[in-house]
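# Working through the structure, step by step
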Amino acid sequence: MGMIQPPPHHGLLEFSVLAHELKQPLMVILSNAQAAQRLLTMATPDLTEVGAAVDDIIAAARRTDEMIQRLQAFITTGALERSRLSINDVIREVIQLMCGDAATHPIRITLDLAADLPSVHGDRIQLRQVLLNVVRNAFEAMHLVADRAPTLVVRTTAKPTGVITVTVQDCGRGIDEASMARLFHPFFTTKAGGMGLGLALSRSIIAAHGGWIWASRNPVQGLTVSFTLPAS
Amino acid sequence: MQEATPTVFVVDDEASVRRAIARLLCSAGLHVETFASAHEFLRSPQPVGPACLVLDVRLSGENGLTVQDALRHQERCLPIIFLTGHGTVPLCAKALKAGAVDFLQKPCNDEDLLEAIATALAQDRCMQDAQVHRVELHRRAATLSPRERAVMALVVTGLLNKQVAAALGTSEKTVKVHRARVMQKMQATSLATLVRMADTVGIH
């Protein structure tokens, strides 16, 4: 239940549904409360119906609380389920998930993945969520750009020091300098209807893995989001 | 004529939300029917009396806007009130442009919802009345003889009896008789009314 349960269609967390998920029980609470108010003003109030409304209000309030608790638990403790994994595989998986066949996708996708990349000791689902957020942002940033061919470059590199770096580079509309500082802040968004949680949660996840995430404006156009992960 | 009870259809994929909205609308004296999916709603029999639809835009499986589109191709085009948990501006604009009565954000206030429903029901009543009126006018027009029809077609263009007579190759007196019978059969009280009627039934 709630936003922590993966939606059935692709089995992954979908943060954009969070608002809707929270507003459902709020709608239940408000409408039942107002229905009860109306029922109580009647000459002979149907108290059974008022009781049923109150029961539904209590259930919805508990559900809202549970959702918020799960969200908090997710953000703060991060409860990682670690295993040895190849970040290159996770990248391919996400691209496959978002584009189907990359060869026929309208956005040109270049995967420049280091062949000899060491494995990572990490939580596959959460790392997949980070990549999903970053790649989706990149896609959306390029969605409105008409004067150049949308191109996404995902690159992985490894340093001898055991640090793996993943970079996701788009040629979208980019982010203005003033907004850069707040890019990873919770509830900061440049998207209409965006929740501003995707990058904030991504930062928590990467931090829980002992890595860093940052963004930089490309010299010409678009944005590059990079993160590091320690090799296992 | 005794009017049939108005019905509010509520489509939301969450049972607790359906129950809450139904309870609220019932407490305001409305007759409510709920559906878990747009598909289920579209397959249900069409309402007899005035009706409207309260629809969650992000229904799982079907998008609310698709439903709006499907409804438009039905015989009865019900007015829709959209309810949404994350109404983005473009989505809202699209829905309103396509004829939605209102676009409300969850959780919405009872008064806003009830006001939107009242507007929607009034709109549907108007559309129904117009439909009934249209059927009745067609029925009346069907009782006209071919000659009366011809006279009506010319009269509504603003021709005088004399001119109509000339056009049809008959006497002014006969036109007068035909014209009186047209007014009577169509139950038109003035030439202006008759002109509007001709427009509705397509006599030109």
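As the structure is a computational prediction, the values presented were derived from the model and not from experiment.

### Some points on the interface of chain B and chain A
Between chain B and chain A, the contact holds 25 residues from the first and 23 residues from the second. A combined buried area of about 2100 Å² lies between chain B and chain A, and 55% of that area is made up of carbon and sulfur atoms. On the surface where chain B and chain A come into contact, there are five salt bridges. One salt bridge connects R23 of chain B with D56 of chain A, and the closest N-O pair in it is separated by 3.1 Å. Tallying contributions element by element places helix α1 (residues 15-27) of chain B first for the side of chain B that touches chain A, with eight residues. Here the residues of the side of chain B that touches chain A are counted per class, giving nine nonpolar, seven polar and nine charged.

### Observations regarding the sheet that holds strand β2 (residues 108-113) of chain A
All names here are of chain A. Taken together, five strands build an open sheet; the order of strands is β2-β4-β5-β7-β6 and the sheet is mixed. The open sheet has two edge strands, β2 and β6 (213-217), and neither has a second partner. This sheet shows a mean twist of 15° between the axes of neighbouring strands, independent of strand direction. Pairing analysis gives seven bridges linking strand β5 (residues 163-169) to strand β7 (residues 223-230), with the strands arranged antiparallel. Paired with T167 across the two strands is S226, which belongs to β7.

### Side note on the packing of helix α6 (residues 146-155) of chain B against helix α7 (residues 161-168) of chain B
Residues and elements named next belong to chain B. Packing of α6 against α7 brings their axes to within 10 Å, and their N-to-C directions diverge by 130°. Relative to α7, α6 is oriented oblique. The hand of the α6/α7 crossing is right-handed. Between α6, through R147, A150, V151, L154 and V155, and α7, the contact on the second element is made entirely by V164, A167 and L168.

### Structural notes on the confidence of the model for chain A
Mean pLDDT for chain A: 84, with 84% of residues reaching 70 or above. In the predicted structure, residues 1-14 of chain A sits below a pLDDT of 50 and forms 28 contacts with residues beyond four places in sequence or in another chain.

### Here's the deal with the confidence of the model for chain B
With 91% of its residues at a pLDDT of 70 or more, chain B shows a mean pLDDT of 87. Scored by ipTM, the complex comes to 0.72, with pTM at 0.57.

The rules behind each value
Residues numbered from 1 in each chain as written. Chains lettered and ligands numbered in written order. Predicted model: local features only at pLDDT ≥ 70, side-chain atom pairs only at ≥ 80, totals over all residues. Heavy atoms only, no water. Contact = heavy atoms within 4.5 Å. Buried area = accessible area lost by both parts, 1.4 Å probe. Salt bridge = Lys/Arg side-chain N within 4 Å of Asp/Glu carboxyl O. Helix = DSSP H or I, 4+ residues; strand = E, 2+ residues; numbered from the N terminus. Nonpolar A, V, L, I, M, F, W, Y, C, P; charged D, E, K, R; others polar. Pairing = 2+ DSSP bridges. Axes fitted to C-alpha atoms, helices over the stretch in contact; angles between N-to-C directions. Parallel < 35°, antiparallel > 145°, perpendicular 65-115°, else oblique. Left-handed = near helix turned anticlockwise from the far one by under 90°. pLDDT = per-residue confidence, 0-100.

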